[in-house]
Amino acid sequence: MELLQQIEHRPYPVPVRRSAMGQTWYELLFAHWPIAPEIMRRLVPANLELDTFEGQAWVGVVPFRMRNIRFFGLTSVPFASRFEELNVRTYVKLDNRPGVFFFSLDASNPVAVEVARQWYHLPYFNARMKVTRQGDKIAYSSRRVHFNSPRPAEFEGEYGPTGPVYLSKPGTLESWLTERYCLYAVDKRQRVYRGEIHHKPWPLQPAYANFKVNTVAQSHGLTLPDTKPLLHYAERLDVLAWSLQRIRG
């Protein structure tokens, strides 16, 4: 209820129906690279509109820890309340509602992977993951081990914050990249689903990152440019999520 008391920052109203799930995201890194729109357009389902900032598409690689997963109305979901996650995402919109499209979501919890693939039509993959923290330095490694997965996908690196917390300003690139309140999923029959989320404005911090291995975007046909990524860190974010609704097909 505390989260729902702060809604003025949202670009559109909170859903009137009850949320289905609560989550907390920890030690999250946003690493973003620009991608030519014509390249990204070929990789995003045709029934979603590619979203761009000043004519530029973006891809994000986002490692973090998922904790405190609560399915409202259920007493507990064994073995699915915490795991590590690493996603590859870009930005789309439908009916003028901007959102996130995921190419993949690697996770360390097989139960969570199966639930998300079956109930949420999201491309979750099993992965072997290890995360350690020393001070403000997070060491994160992931290797996809999902049966029949796409090309190998690995990630290994260190990252952390380099400055104080701040809130992004509306209209800026960092706000455009992070302040999104829904996701889109497309199933095998090309039906489009929207999943609403809500949280307070992102408590961003400037960040550093050193990547030893990073092939998670490449596994989906995305070649990252040979430029420094745009980096942001967030220590913690509490999130409400609603069940998917089919909106096309």
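Everything below is about the structure printed above this text.
Cut-offs applied
- Residues numbered from 1 in each chain as written.
- Predicted model: local features only at pLDDT ≥ 70, side-chain atom pairs only at ≥ 80, totals over all residues.
- Heavy atoms only, no water.
- Helix = DSSP H or I, 4+ residues; strand = E, 2+ residues; numbered from the N terminus.
- Rg over C-alpha atoms; globule rule 2.2 N^0.38 Å.
- Buried < 20%, exposed > 50% of the residue type's maximum accessible area, 1.4 Å probe, protein only.
- Contact = heavy atoms within 4.5 Å.
- Core = buried A, V, L, I, M, F, W, Y, C linked by side-chain atoms within 4.5 Å.
- Phe/Tyr/Trp six-rings, centres within 6.5 Å; stacked < 30°, edge-to-face > 60°.
- Lys NZ or Arg CZ within 6 Å of the ring centre and 35° of its normal.
- Salt bridge = Lys/Arg side-chain N within 4 Å of Asp/Glu carboxyl O.
- Polar contact = N/O pair within 3.5 Å; in protein donor to acceptor, adjacent residues only side chain to side chain.

This brings us to the overall build of the chain. The helix and strand inventory of the chain stands at three helices and 13 strands. Relative to its length of 249 residues, the chain is compact, with a C-alpha radius of gyration of 17 Å against a globular reference of 18 Å. Reported as C-alpha extents along the three principal axes, the dimensions of the chain are approximately 45 × 40 × 40 Å. Buried positions account for 51% of the 249 residues belonging to the chain. For the chain, restricting intrachain contacts to residue pairs at least 6 apart in sequence, the fraction spanning at least 24 positions comes to 69%.

Another aspect to go through is the nonpolar core. Core analysis: the largest hydrophobic core is formed by 38 residues, its most contacted members being Met40 and Leu48. Sequence-distant contacts of Leu48, defined by excluding residues within four places in its chain, comprise Arg41, Val92, Lys93, Leu94, Phe101, Tyr184, Val186 and Val192.

Taken as a whole and assessed by the stated rule, the structure comprises eleven aromatic pairs. With 4.9 Å between their ring centres and 75° between their planes, Phe30 and Trp202 make a pair best called edge-to-face. Pair noted here: Phe30 is in strand β1 (residues 21-35) and Trp202 is in the loop between β10 (192-198) and β11 (205-214), with a separation of 172 residues, a long-range link. For Trp202, a relative accessible area of 3% translates into the label buried. Aromatic ring contacts, followed pair by pair, group Trp33, Tyr140, Phe155, Tyr159, Phe211 and Tyr233 into a single cluster. Across from the ring centre of Tyr12, 5.1 Å away, lies the NZ or CZ of Arg10, which sits over that ring. Its end group placed over the ring of Tyr12, Arg97 keeps NZ or CZ at 4.0 Å from the ring centre.

Taken as a whole, this structure holds 17 salt bridges when the rule is applied. In this structure, Asp51 engages Arg180 in a salt bridge whose closest nitrogen and oxygen atoms are separated by 3.0 Å. In this pair, Asp51 is assigned in the loop between β2 (49-50) and β3 (57-71) and Arg180 in the loop between α3 (173-178) and β9 (182-186), connecting sequence segments 129 residues apart. Taking the relative accessible area as the measure of exposure, Asp51 reaches 7% and is therefore buried. Relative accessible area serves as the criterion here: at 4%, Arg180 is assigned to the buried category. Across the pair Glu84 and Arg65 runs a salt bridge whose closest N-O atoms are separated by 3.6 Å. Taken together, the positions of Glu84 in strand β4 (residues 83-94) and Arg65 in strand β3 put the pair 19 residues apart, joining distant regions of the chain. For the pair Glu84 and Arg65, a shared accessibility class is recorded, and that class is buried. The network of salt bridges with shared partners includes Glu27, Arg65, Arg67, Glu84, Arg133, Asp136 and Glu235.

In this fold, Thr24 is placed in strand β1. For Thr24, a relative accessible area of 2% corresponds to the buried category. Leaving out residues up to four positions away in the same chain, Thr24 has contacts with Arg65, Met66, Arg67, Asn68, Arg70, Arg236, Leu237 and Asp238.

Tracing the backbone shows Arg133 in strand β6 (residues 124-134). Residue classification places Arg133 among the partly exposed residues on the basis of a relative accessible area of 32%. Between the C-alpha atom of Arg133 and that of Ala36, which follows or precedes it by 97 residues, the distance is 35 Å. Excluding residues within four positions of it along the chain, Arg133 makes contact with Glu27, Ile138, Tyr233 and Glu235. A distance of 3.0 Å separates the side chain of Arg133 from the side chain of Glu27, its partner in a polar contact. Polar contacts involving the side chain of Arg133 include one to the main-chain carbonyl oxygen of Gly135, which spans 2.7 Å.

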